[in-house]
Structures are given as C-alpha cells and as structure tokens.
Amino acid sequence: MTVQDWLLDSDPALRWQVLRDLSDAPPDAVAAERARVATEGWGARLLALRGEDGQWAGGACFPADFRGDFSRGQPWTATLPTLTLLRDLGVEPDARPVRETIALVGENCRWEHAGQPFFAGEVEPCINGRTVAIGAYFGVDVDGIVARLLAEQLSDGGWNCEAENGSVRASFATTICVLEGLLEHERATGGSAAAVASRRRGQEYLLDRRLFRRLSTGEVVDQDWLRFSFPTWWHYDVLRALDYFRATGDAPDPRLAEAVAMLRSKQQPDGTWLLENTHPGSVHFSMEDGDGRPSRWNTLRALRVLDWYGDAH
C-alpha cells in the first residue's frame, strides 16, 4: 500500500482533501467525496452531537457545565472548537444540516465572557480569529470582528490575547489564529486593502522569526512547536504555520527554508509523519491512533506543504 492509498483508506473528510491536494482527481470526483462529509463519518458524527439549540455541550468556548478546572486539559467539545473542526474537515457550508446549525448558533450561542452573540465575537484575538474563520467559511457576516482585529494589531505585526492586560509583544499562537481567520475572510469577501495589508504584516512577524525562533537570540521559542498535532485547536506548531502559508497561494518565502527542512527531517521511513503532541482535554471522539503512531492528518498536511514548496524550488 502506498502512502496515498493509506490516506485514501479513511474518512471522507480526509479522502476529499487527498484527492484535491495530492492527486490528479477531476473536480467532480473531489466534490462528490466532499459532499459525503456531512452525511458520513466524522462530519456526520459531529453534526449528530449538536444540541437542538445548535450548540455543542451547551456553550460557546466551553461546555455549559465547565467550572474552570484545567487539570486534565481544556475541553474541546463546545461550539467554537467543534465548528473549527468541521471547517478543518471541509464540511460543505451549504449542506442542509450545516445551514440549519449555523442559523441556530447565530440565534442561541452566547460567549461566556459577557454574553455577546457568537458571530459578534468577544475580546480575545485568538478566539476572535477563529470565529472569523468559522463565520467566513460558513457564510456569516463577521466584518465587525475583522475591524476589531485590525485595530488590535501590535507594533511588531502580530497579535496577543494578553494585549488588553498590557502585553505589547505578539504571540505566535494568537497570530496564527488571526491570520487563518483573515485569510478565510479574504477568500469569502475579497478582503479590504487594509485587511490584506494587516494579514501580510502579520505574516512578516512569523517569517522574520523563521516560524519558530526568537528574533532577539535565534533560539527555538518552544520545543513543542516542533512536534505536530491535529487538531491544533488554538495551539501553534510549525506544521500549522506552514500549512497556512501554503493556503495563501503565494510563492514560498525563502525564510521558510529552515522550517521546511525540519518538516522533511520528520518524515518516517514508511513515508508518513507521526502524531506527536495531542493537546489534553476531552474530545467528542478520536480520529487518530495516538501519539507516536502514524498520523493521516499530519501526513496529508506535510505532503501538501512539500508539494507546494517543491513546485517553486
């Protein structure tokens, strides 16, 4: 079995992306496979776990019964992480159960911070970046959150959830959440000149640091960023950043070379990449076999990054 055969021997959410990104499959075959995400496998399971009010676990960022105990990690079963995962799976925004869900979320879901409507966003840029990505992907107007994010960009080009508490330096994790949101919004709306400029300035923050190094010393900021996870949730790692740059459609920047070399070095002899850093916390269900085992999601994302990078070199 080839690596591509192994990737295709999986869920529709993976198969349609393999067909699109790693094969010469015709567009109608890709579309047909993608259409199955809402009715079969992981996508259908997630939609079936939704409450009658459109929410998951009764809450926006956290389950309704969560009391702030992070000793076993953050629960990933509320509405924000679940919609983020459905976007990652590539569920069709126009599928009937999806349209129904998004309408109900808009009507009923409120942020824990101060009861703001879900698609109005709240105060943390990392949450708002992901909300923009969700809203833009599912066809909801999130221009108000985008305007807030543009106003909150820090002088170094990035964003930080602690800015309201006085932080003046960006965070890699917050910055990638915002960049992904702005890119999705740009795809959906064309993007204003100000938003496009803001996103490109945010990219420079990551590129100047080679995606994982301190600007001041060149040291690796966090060794965990060199260990790949899926789902990433709000967390940062180098594969997530590389997949973002691939998704922009731009030619690879020379400052990505070290990160790409590191990605190549982690390919296993059988051609796969491992799941390395699962973020603790309750989930609806597992999609992989656990850390230290070959990961279809990481392998798919790594191969499409290398295809994009290799096409330009």
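Everything below is about the structure shown above.
Not measured: the values here are computed from a predicted model. (Residues numbered from 1 in each chain as written. Predicted model: local features only at pLDDT ≥ 70, side-chain atom pairs only at ≥ 80, totals over all residues. Heavy atoms only, no water.)

**Let's talk about the nonpolar core**
Judged by nonpolar contacts, the single largest core of 86 residues is most densely connected at Phe-118 and Leu-211. Broken down by element, this core gets its largest block of residues, eight residues, from helix H9 (residues 172-189). Not counting residues within four places of it along the chain, the set of residues in contact with Leu-211 comprises Phe-172, Leu-206, Trp-225, Tyr-236, Val-238, Ala-241, Leu-242, Phe-245, Leu-256 and Ala-259. (Core = buried A, V, L, I, M, F, W, Y, C linked by side-chain atoms within 4.5 Å. Buried < 20%, exposed > 50% of the residue type's maximum accessible area, 1.4 Å probe, protein only. Helix = DSSP H or I, 4+ residues; strand = E, 2+ residues; numbered from the N terminus. Contact = heavy atoms within 4.5 Å.)

**Side note on helix H6 (residues 96-108)**
Residues that lie three or four places apart on an α-helix share one face, since the helix turns once every 3.6 residues. The end-to-end C-alpha distance of H6, which contains 13 residues, comes to 18 Å, matching closely the 18 Å that a straight helix rising 1.5 Å per residue would cover. Inspection of H6 places Val-98, Thr-101, Ile-102, Leu-104 and Val-105 among the buried residues, and these make up the whole buried set. What you see down the axis of H6 is that its buried residues fit within an arc of 165 degrees, all on one side. Turned more than 90 degrees from where H6 packs its buried face, Arg-96 and Glu-107 sit exposed. The inward-facing, buried residues of H6 abut helix H4 (41-48) and helix H5 (79-89). (Expected span 1.5 Å × (residues − 1). Arc of directions from axis to C-beta.)

**A few points about the pattern of salt bridges**
Counted according to the given criterion, the structure contains 20 salt bridges. The partner of Glu-40 in a salt bridge is Arg-36, and the shortest N-O contact between them spans 2.7 Å. Residue Arg-255 pairs with Glu-204 through a salt bridge whose shortest N-O separation is 2.9 Å. Highlighted residues: Arg-255 in the loop between helix H11 (238-248) and helix H12 (257-265) and Glu-204 in helix H10 (residues 193-208), separated in sequence by 51 residues. Where salt bridges share partners, they join Arg-20, Asp-21, Asp-243, Arg-246 and Arg-304 into one cluster. (Salt bridge = Lys/Arg side-chain N within 4 Å of Asp/Glu carboxyl O.)

**Notes on the packing of aromatic side chains**
Applying the stated rule across the entire model yields 14 aromatic pairs. With 4.5 Å between their ring centres and 40 degrees between their planes, Phe-172 and Trp-225 make a pair best called tilted. Here Phe-172 is found in helix H9, whereas its partner Trp-225 is found in the loop between H10 and H11, with 53 residues between them in sequence. Residue Phe-172 shares its accessibility class with Trp-225, and that shared class is buried. Taken together through their ring pairs, the aromatic side chains of Phe-172, Tyr-205, Trp-225 and Tyr-236 make up a single cluster. Between Arg-34 and the ring centre of Trp-16, over which it is positioned, the NZ or CZ distance is 4.7 Å. Looking at Lys-266, its charged tip hangs above the ring of Phe-228, at a distance of 5.3 Å from the centre. (Phe/Tyr/Trp six-rings, centres within 6.5 Å; stacked < 30°, edge-to-face > 60°. Lys NZ or Arg CZ within 6 Å of the ring centre and 35° of its normal.)

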